[in-house]
Amino acid sequence: MAGQSSAAIARTGNNPFLRFVAALSTLAGWCSAAMIVSAVAITCQMIFIRFVLNGSTIWQTEAVIYLAIGATLVGLPYVQRLRGHVNVDLVPLALSKRLRFALAVFTLSLSIIMVSIMLWYSYEFWHLTWERNWRSDTVWGVRLWIPYLALPFGFALFLLQLVADMVAMLLGIEKPFGLEDV
């Protein structure tokens with residue numbers, strides 16, 4: 001590996017906005033973990049009913065799918081806060097301090113724009129399911145606005161964490177790409 005990132009977790013300093021966003025992202029991470037644990041428990045219950053009691057299941061498969069997707073979306077800001085997304089630092093390592101900063105601003109700005117677009121369309125989609133009271137075409141017939149709420153909620157929290165990362169970098173609390181100057 002060319003270099004090691006020194007940023008294991010997003011720094012907040014004493015900035016109240018950054019600390020608030022960090023707390024929200026951490027809470028989202030705990031909620032995401034709870035969804036995964038719930039999905040595993042429901043899967044175990046479903047296996048017990050199907051193969052031990054030889055019964056049929058109605059809602060379990062659908063619930064596990066919604067929980068897994070919701071955990072992925074709600075967990076986005078926490079993973080971003082921990083710097084757990086894929087990061088290729090070959091180009092930033094080769095750049096000077098000023099160019100590294102410019103590249104970080106560019107990539108964060110592009111990420112903020114893309115996540116904003118995803119937030120807009122996910123909210124629009126969620127609102128459509130709410131407005132038309134759509135239900136799943138299964139026996140359970142869950143109101144789809146409930147699991148689809150994870151879309152705008154997850155993207156909104158992810159956008160907030162990206163904005164916090166930009167603020168931290170612009171204020172000098174966080175180094176571009178978490179790389180110390182060589």
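Before reading on, note that the structure itself is shown above.
Residues numbered from 1 in each chain as written. Predicted model: local features only at pLDDT ≥ 70, side-chain atom pairs only at ≥ 80, totals over all residues. Heavy atoms only, no water.

A. Inspection of the nonpolar core at higher detail. Counting residues in each nonpolar core, the largest one holds 19 residues, and the members touching the most others are Val115, Phe155 and Leu162. Going through the elements one at a time, helix H1 (16-52), helix H2 (60-74), helix H5 (97-131) and helix H7 (150-170) are the ones with two or more residues in this core. Looking at which element gives the most residues to this core, the answer is H7, with eight residues. Ignoring any residue separated from it by four or fewer positions in sequence, one finds Val115 in contact with Phe155, Phe158, Leu159 and Leu162. (Core = buried A, V, L, I, M, F, W, Y, C linked by side-chain atoms within 4.5 Å. Buried < 20%, exposed > 50% of the residue type's maximum accessible area, 1.4 Å probe, protein only. Helix = DSSP H or I, 4+ residues; strand = E, 2+ residues; numbered from the N terminus. Contact = heavy atoms within 4.5 Å.)

B. Layout of H7. For H7, with 21 residues, the first-to-last C-alpha span of 30 Å sits near the 30 Å given by 1.5 Å per residue. Looking at the residues trailing H7, positive phi occurs at Gly172, about 80 degrees. (Expected span 1.5 Å × (residues − 1).)

C. A look at the environment of Gln45. Relative to the assigned elements, Gln45 resides in helix H1. A relative accessible area of 31% means that Gln45 is categorised as partly exposed. A C-alpha to C-alpha distance of 50 Å links Gln45 and Leu171, two positions 126 residues apart in sequence. Each residue touching Gln45, except ones within four places of it in the same chain, is listed here: Trp59 and Gln60. Only 2.9 Å separates the side chain of Gln45 from the side chain of Gln60, close enough to count as a polar contact. (Polar contact = N/O pair within 3.5 Å; in protein donor to acceptor, adjacent residues only side chain to side chain.)

D. Seen up close, the packing of H5 against H7. Interhelical geometry of H5 versus H7 gives an angle of 160 degrees and a closest axis separation of 9 Å. Between H5 and H7, the crossing angle belongs to the class labelled roughly antiparallel. Here H5 and H7 pass one another in a crossing that is left-handed. Within the contact of H5 with H7, the residues separate by chemical class into 22 nonpolar, four polar and one charged. (Axes fitted to C-alpha atoms, helices over the stretch in contact; angles between N-to-C directions. Parallel < 35°, antiparallel > 145°, perpendicular 65-115°, else oblique. Left-handed = near helix turned anticlockwise from the far one by under 90°. Nonpolar A, V, L, I, M, F, W, Y, C, P; charged D, E, K, R; others polar.)

E. Representation of the pattern of salt bridges. Applying the stated rule across the entire model yields two salt bridges. A salt bridge links Asp165 to Arg83; the shortest N-O distance between them is 3.1 Å. Of the two residues, Asp165 sits in helix H7 while Arg83 sits in the loop between helix H3 (76-81) and helix H4 (90-94), which places them 82 residues apart along the sequence. Judged by relative accessible area, which is 28%, Arg83 ranks as partly exposed. When the shortest N-O distance is used, the salt bridge between Glu174 and Arg83 registers 3.7 Å. (Salt bridge = Lys/Arg side-chain N within 4 Å of Asp/Glu carboxyl O.)

F. Local environment of the packing of H1 against H7. Closest axis-to-axis distance for the H1/H7 pair is 10 Å, and the angle between their directions is 145 degrees. Judged by the sense of rotation from one axis to the other, the crossing of H1 with H7 is left-handed. Residues Phe17, Leu18, Val21, Leu24, Ser25 and Ala28 of H1 form the contact with H7, whose participating residues are Leu157, Leu160, Gln161, Val163, Ala164, Val167 and Ala168.

G. Region of interest: H1. The terminal C-alpha atoms of H1 lie 53 Å apart, and with 37 residues this matches the ideal 54 Å at 1.5 Å per residue to within 8%. Where H1 is concerned, the buried positions are Leu18, Val21, Ala22, Ser25, Ala28, Gly29, Ser32, Met35, Ala39, Ile42, Met46 and Ile49. Considering only its buried residues, H1 is in contact with H2, H3 and H7. The N-cap of H1, judged by a side-chain oxygen 2.9 Å from the amide nitrogen of Phe17 a few residues on, is Asn15. Looking at the residues trailing H1, positive phi occurs at Asn54, about 55 degrees.

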